[in-house]
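# Working through the structure, step by step
Each chain, letter by letter, is given below.
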Amino acid sequence: MIQTWPRATGEAVARGVVKSRPEDFRVYEQLGFEPSGEGEHVFLHLEKRLLNTQDLAQRISRLSGIPMRDVSFSGMKDRQAVTSQWFSVRMAGRAEPDWQALSVPGQVHLLQVARHRRKLKRGVHRGNRFTLVLRELQGSRDAIEQRLSLLRKGGAPNYFGHQRLGRDGGTLTQAREGMRRGGERISRNRRGLYLSALRSHLFNLVLAERVRCATWNRVQAGETCMLNGNRSLFICEVVDAALEARVVSGDVHPGLPLWGRVEGRSPALEDVRELLAPERSTCEFLELVGLDLAWRPSRLLPDDFCWEFCDDGSLQLDFRLSAGSYATALLAELLQ
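The paragraphs below set out a description of the structure included in this document. Owing to the predicted nature of the structure, the values given are computational and were not obtained by experimental measurement. (Residues numbered from 1 in each chain as written. Predicted model: local features only at pLDDT ≥ 70, side-chain atom pairs only at ≥ 80, totals over all residues. Heavy atoms only, no water.)

On to the overall build of the chain. A count of helical and extended segments in the chain gives nine helices and 15 strands. For the chain, whose C-alpha radius of gyration is 21 Å, the value lies close to the compact-globule estimate of 20 Å for 336 residues. Taking the principal axes of its C-alpha atoms as reference, the chain extends roughly 60 × 55 × 40 Å. Evaluated residue by residue, the chain yields a buried proportion of 45% over its 336 residues. By sequence separation, contacts in the chain at least 24 residues apart represent 79% of the contacts at least 6 residues apart. Across the chain, the mean location of the 49 positive side-chain charges is 5 Å away from that of the 40 negative side-chain charges. (Helix = DSSP H or I, 4+ residues; strand = E, 2+ residues; numbered from the N terminus. Rg over C-alpha atoms; globule rule 2.2 N^0.38 Å. Buried < 20%, exposed > 50% of the residue type's maximum accessible area, 1.4 Å probe, protein only. Contact = heavy atoms within 4.5 Å. Lys, Arg positive; Asp, Glu negative; His and termini not counted. Charge placed at Lys NZ, Arg CZ, Asp CG, Glu CD.)

Here it is, written out as structure tokens:
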């Protein structure tokens with residue numbers, strides 16, 4: 001379930017159970033800014049348990065009488081977990097309902113209500129804080145600690161998680177079927193899921209090859225670099241000692257493409273085009289539907305990463321990841 005792509009740190013050093021109960025997988029969305037307190041958008045901070053993000057958005061839509069297109073969130077959160085996240089609802093000229101009606105004991109808890117001038121957009125939150133408990137742990141404690149120390153220092157390949165591709169790759173399969181049918185009319189939400197799954201799969205293919213070549217965490221001349229913690233980009237003209245030091249420190253990451261339209265022929269993308277030759281039809285489809293080329297770091301670095309071996313034999317991990325990175329990609333370097 002966790003690992004389908006090559007590991008960067010070698011074979012897994014432990015076995016364990018993830019999400020044996022929802023409380024073992026806690027996610028706290030960190031918005032990165034405070035709502036202004038005024039504006040036409042109501043911001044709702046909600047904690048959910050055993051409920052996916054889309055279902056909660058639909059509950060907000062029904063309670064408020066606002067169409068789903070005006071209910072927004074920054075990121076999808078796991079269903080089999082306890083997670084907190086923000087939603088925005090465009091309430092211009094409308095009376096607010098009793099938002100406490102969203103609360104359901106053991107499932108949904110309203111944490112905060114505020115106003116803001118702008119709606120939430122996908123990926124605008126700063127990151128997510130995780131507290132994970134791994135149970136039925138098997139493996140050498142020394143080997144586990146060595147691997148955790150290695151991940152804290154060097155990070156892990158920034159693969160898209162199975163959540164993006166669907167259970168057993170179901171979303172990716174449906175996306176491929178839709179592509180073969182010429183992108184027939186589907187709902188706006190379903191279209192976004194399909195395009196995202198196709199893009200994510202291509203990204204994982206490219207990243208997997210970089211992992212096999214041991215270059216996933218090394219910058220190469222002519223390629224795109226990304227600054228840690230933001231979306232700033234620059235082209236690496238020359239790989240010198242200063243740049244290598246920034247990469248080692250985690251200040252700079254190699255950037256790999258999220259496929260889409262690009263003007264002209266980019267020499268830096270030729271190797272990627274060759275690698276993705278078997279997926280040429282998917283690349284052409286993503287360009288045809290109008291997606292522009294974007295970039296994603298090849299590496300994730302856990303921030304404030306700490307762990308504790310508990311008396312009951314479990315292992316608790318605490319760390320923060322930037323928006324868009326998956327905790328399962330980190331776990332895959334540790335667990336089988």
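Turning next to the nonpolar core. Note that soluble globular proteins tend to have their nonpolar side chains buried in a common cluster. The biggest cluster of nonpolar side chains holds 53 residues, and the ones touching the most others in it are Leu315, Leu317 and Phe319. Looking at this core, the element that brings in the most residues is helix H5 (residues 188-212), giving nine residues. (Core = buried A, V, L, I, M, F, W, Y, C linked by side-chain atoms within 4.5 Å.)

Further remarks concern the pairing of strand E14 (residues 303-309). As judged from the five bridges shared by E14 and strand E15 (residues 315-322), these two strands associate in the antiparallel manner. If you follow phenylalanine 309 over to E15, its bridge partner there is leucine 315. Counted between consecutive antiparallel strands, the loop separating E14 from E15 contains five residues, among which glycine 313 sits at a positive phi close to 90 degrees. (Pairing = 2+ DSSP bridges.)

This next bit is on the pattern of salt bridges. Applying the stated criterion across every chain, the model contains 19 salt bridges. The partner of glutamate 145 in a salt bridge is arginine 141, with the nearest N and O atoms 3.9 Å apart. On the criterion of helical spacing, the pair formed by glutamate 145 and arginine 141 is a turn pair, its members being four residues apart in helix H2 (residues 141-154). By relative accessible area, which is 29% here, glutamate 145 ends up partly exposed. A salt bridge links aspartate 251 to arginine 246, with the shortest nitrogen-to-oxygen separation between them at 2.8 Å. (Salt bridge = Lys/Arg side-chain N within 4 Å of Asp/Glu carboxyl O.)

What follows concerns the sheet that holds strand E9 (residues 224-227). Here we have four strands laid out as an open sheet, ordered E10-E9-E11-E12, and antiparallel in their pairing. Edge positions in the open sheet fall to strand E10 (233-235) and strand E12 (294-297), since each of these has one partner strand only. On average, each strand axis in the sheet is tilted by 45 degrees relative to the strand beside it, whichever way the strands run. (Axes fitted to C-alpha atoms, helices over the stretch in contact; angles between N-to-C directions.)

This part takes up the packing of aromatic side chains. On inspection of all chains with the given rule, the structure shows 10 aromatic pairs. Each ring, one from phenylalanine 33 and one from phenylalanine 43, has its centre 6.4 Å from the other, and the planes form 70 degrees; the classification is edge-to-face. Placement of the pair is phenylalanine 33 in the loop between strand E2 (25-30) and strand E3 (41-49) and phenylalanine 43 in strand E3, with a sequence separation of 10 residues. Taking relative accessible area as the criterion, phenylalanine 33 reaches 31% and is therefore assigned partly exposed. We classify phenylalanine 43 as buried; its relative accessible area is 0%. Seen in terms of ring centroids, phenylalanine 130 and phenylalanine 319 are 5.2 Å apart; in terms of plane orientation they differ by 25 degrees. Their pairing is stacked. You can see phenylalanine 130 sitting in strand E7 (residues 127-138) and its partner phenylalanine 319 sitting in strand E15, a full 189 residues away along the chain. One exposure class covers both phenylalanine 130 and phenylalanine 319, and it is buried. Cluster of aromatic residues (ring-pair linked, three or more members): Phe25, Phe130, Phe305, Trp307 and Phe319. (Phe/Tyr/Trp six-rings, centres within 6.5 Å; stacked < 30°, edge-to-face > 60°.)

Topologically, threonine 53 is positioned in helix H1 (residues 53-64). We classify threonine 53 as buried; its relative accessible area is 0%. Of note is the side chain of threonine 53, whose polar atom sits 2.8 Å from the backbone nitrogen of lysine 77. Setting aside its immediate chain neighbours within four residues, threonine 53 contacts Lys48, Phe73, Gly75, Met76, Lys77, Gln85 and Phe87. (Polar contact = N/O pair within 3.5 Å; in protein donor to acceptor, adjacent residues only side chain to side chain.)

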